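The lines below spell out each chain.
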Amino acid sequence: MSIGKFWRPLGLLVVVALAAAACGGGDTSSQVTTIATTAATQAASSAEPSDSGDSGAAATTQASSSGSSDAADSSSSSSSGSRGLPAVDPLAVSGNIAVAGSSTVFPLAEAMAARFEDEGYSGLITIDSIGSGAGFERFCVAGESDISNASRPIKDSEVESCRAIGRDPIEFRVGTDALAVTVSPGNTFATDLTVAELAVLFSTATTWQDVRAGFPANPIQRFIPGTDSGTFDYFVEEVFHEDEGPILAAGNTQLSEDDNVLVQGISGDGCDPSNVSTTCAVGFFGYAYYAENSDRLSVMDVEGVEPTTESVNANSYPLARPLFMYSTASIIAEKPQVGAFLNFVLQFVNEEIGEVGYFPAPDSVLDSAAAELNAAL
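Here the structure is a predicted model, which means the values were calculated and not measured. (Residues numbered from 1 in each chain as written. Predicted model: local features only at pLDDT ≥ 70, side-chain atom pairs only at ≥ 80, totals over all residues. Heavy atoms only, no water.)

**Q** Tell me about the overall build of the protein, and name the residues and values.
**A** Looking only at helices and strands, the protein features 15 helices and 13 strands. For the protein, the proportion of its 377 residues judged to be buried stands at 50%. Sequence separation of at least 24 residues holds for 74% of the intrachain contacts in the protein that already meet a minimum separation of 6. Surface summary for the protein: the accessible area is close to 15600 Å², and the carbon and sulfur share equals 50%. (Helix = DSSP H or I, 4+ residues; strand = E, 2+ residues; numbered from the N terminus. Buried < 20%, exposed > 50% of the residue type's maximum accessible area, 1.4 Å probe, protein only. Contact = heavy atoms within 4.5 Å. Areas by Shrake-Rupley, 256 points an atom, 1.4 Å probe, with all protein chains shown as cover.)

As structure tokens, this is what we get:
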């Protein structure tokens, strides 16, 4: 979550609080808070002891907004339903929602939650960015989350785990991501690689010259998502034909479930092609994290194709993939607010998805997801 996204709603809360104080107080029952936990915020407050005892939940970032008359005005966009779904009025929705999973889907889920709140939702949404695999474990094993974000389809073994605790997962595709392979701005030579070269780059190569003869002999430093990440799974599937052995055996490789850590590692690299003693870093993650940091990263074409809306929609970019949210009919029946939020997402996601750096899913795909949700409502 960018600093700007955090301070803007916080600033609004301060203004509202001052106005309330000037009027002698007011009703705070409509205050809404989203808690979005990432590995970056956890690490930033690691010195603070956690009462929960969960080392993976040591810190939270909180952003508040008011469900006031402004929200009532803005809710007009949801006054009528679309995609065959009933109209959803966030002002009429309450109750808490727990979301966890993919760090790639996290920015999109966060944006949709913020809009849901802005339009009047009076509950609490928690969004944990822990990776697709860890998200499915929380959803299918612990049974602690209501929605599981994922940047890959759920595995058969995960479906079995879900059913073992009485959960039958329903898949909702919410968008498309282009996986970005990025280098630091100092790397001016690696602008386009083939998939075969990517396989060498992220496994046996120790210098860039090992990847292509015309490249300089600068050592390679790799920053890649952790093994719980759907991004890692997707890259291994597309580049290494599902064999994770070579990428995990590569030297000079740092893994992290937090894409912001990867961005910092790559962008902070001191690559100088004229000085082969300097490392030239490389990494990959969801396109949204590149888009948010395009001023300090360079993205590579793959097989001569640049990741753009056009190339993703045309299926010509080799590293494009679908993004999902999962829930169950039983959860939606028990917690109607979950169904209302998913309804809201499917109706308005294409209005928000470009703002966070992803690509819209085809209308036919969203219509199919809406039909699945309609059956569960």
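So much for the structure itself; the text now carries on.
**Q** Now, about the packing of aromatic side chains: what can you tell me, with residues and values included?
**A** Across all of its chains, the model carries 15 aromatic pairs by this definition. Between F136 and Y326 the ring centres are 5.3 Å apart and the planes differ by 70°, which places this aromatic pair in the edge-to-face class. Here F136, found in helix 5 (residues 132-142), pairs with Y326, found in strand 13 (residues 320-328); they are 190 residues apart in sequence, far enough to count as distant. Each member of the pair, F136 as well as Y326, is classed as buried. Aromatic side chains Y287 and F359 sit 5.5 Å apart centroid to centroid with 50° between the ring planes, which places their arrangement in the tilted category. In this pair, Y287 is assigned in helix 11 (residues 287-292) and F359 in the loop between helix 14 (336-352) and helix 15 (363-376), connecting sequence segments 72 residues apart. (Phe/Tyr/Trp six-rings, centres within 6.5 Å; stacked < 30°, edge-to-face > 60°.)

**Q** Please set out the side chain of T207 residue by residue, giving values where relevant.
**A** In this fold, T207 is placed in the loop between helix 7 (195-201) and strand 8 (220-225). T207 sits in the buried class, given a relative accessible area of 17%. Each residue touching T207, except ones within four places of it in the same chain, is listed here: A217, N218, P219 and I220.

**Q** Describe the state of the cysteines, and please don't skip the residues or the numbers.
**A** Within the structure shown, the criterion is met by two disulfides. Between the sulfur atoms of C140 and its disulfide mate C162 the distance is 2.0 Å. Here the S-S torsion is close to -65°, and the disulfide linking C140 with C162 is therefore left-handed. Taken together, the positions of C140 in helix 5 and C162 in helix 6 (residues 156-164) put the pair 22 residues apart, joining distant regions of the chain. Residue classification places C162 among the buried positions, given a relative accessible area of 0%. At a sulfur-sulfur separation of 2.0 Å, the disulfide partner of C271 is C280. One disulfide, between C271 and C280, carries an S-S torsion of 70° and so falls in the right-handed class. Neither C271 nor C280 differs from the other in exposure class; each is buried. In the protein, the bonded cysteines, taken in the order they occur along the sequence, pair up as 1-2, 3-4. (Disulfide = S-S within 2.5 Å.)

**Q** Could you give me a rundown of the packing of helix 14 against helix 15, with the residues and numbers involved?
**A** Packed helices, taken two at a time, are described by the angle their axes make and the gap between the axes. Interhelical geometry of helix 14 versus helix 15 gives an angle of 165° and a closest axis separation of 10 Å. Between helix 14 and helix 15, the interaxial angle falls into the category roughly antiparallel. Once helix 14 is placed against helix 15, the crossing between them reads as left-handed. Facing helix 14, whose interface residues are G339, L342, N343, L346, V349 and N350, helix 15 presents D363, L366, A369, A370 and L373. (Axes fitted to C-alpha atoms, helices over the stretch in contact; angles between N-to-C directions. Parallel < 35°, antiparallel > 145°, perpendicular 65-115°, else oblique. Left-handed = near helix turned anticlockwise from the far one by under 90°.)

**Q** Let's hear about the pairing of strand 4 (residues 124-129): which residues, and what values?
**A** As defined by bridge partners, strand 3 (residues 97-101) adjoins strand 4 across five bridges and the pair is classed as parallel. Residue pairing across strands places A100 opposite D128, the latter belonging to strand 4. (Pairing = 2+ DSSP bridges.)

**Q** For unusual backbone geometry, give the residues involved together with the corresponding values.
**A** The backbone of E242 shows a phi angle near 75°, a positive value even though the residue is not glycine. Considering the arrangement of structural elements, one finds E242 in the loop between helix 8 (230-240) and helix 9 (245-249). For N252, which is not glycine, the phi dihedral falls at a positive 50°. The residue N252 is located in the loop between helix 9 and strand 9 (253-256) in this model. Owing to a relative accessible area of 48%, N252 belongs among the partly exposed residues under this scheme.

**Q** Talk me through the pattern of salt bridges; I want residue IDs and the actual numbers.
**A** If you walk through the whole model with that rule in mind, you get twelve salt bridges. As a salt-bridge pair, R152 and D233 come within 2.9 Å of each other at their nearest N and O atoms. Here R152 is found in the loop between strand 5 (147-150) and helix 6, whereas its partner D233 is found in helix 8, with 81 residues between them in sequence. Like D233, R152 is buried. Salt bridges sharing partners connect three or more residues here, namely R115, E119, E351 and E352. (Salt bridge = Lys/Arg side-chain N within 4 Å of Asp/Glu carboxyl O.)

**Q** Please give an account of helix 6 that cites residues and values.
**A** Turning to helix 6, its buried residues are E158, V159 and C162. Each buried residue of helix 6 sits inside an arc of 105° when the element is viewed along its axis, so together they form one side. Exposed and oriented more than 90 degrees from the buried face of helix 6 are D156, E160, R163 and A164. Looking at the buried residues of helix 6, the elements they touch are helix 5 and strand 6 (169-183). (Arc of directions from axis to C-beta.)

**Q** Can you break down the pairing of strand 13 residue by residue, with the values?
**A** Judged by how many residues are buried, strand 13 sits mostly within the fold: seven of nine residues are covered. Two strands pair when backbone bridges link them, and strand 5 and strand 13 are joined in this way by three bridges, in the antiparallel orientation. Along strand 13, the bridge assignment pairs A150 with F324. Here strand 6 pairs with strand 13 via nine bridges, running antiparallel. Bridged to G175 within strand 13 is L323.

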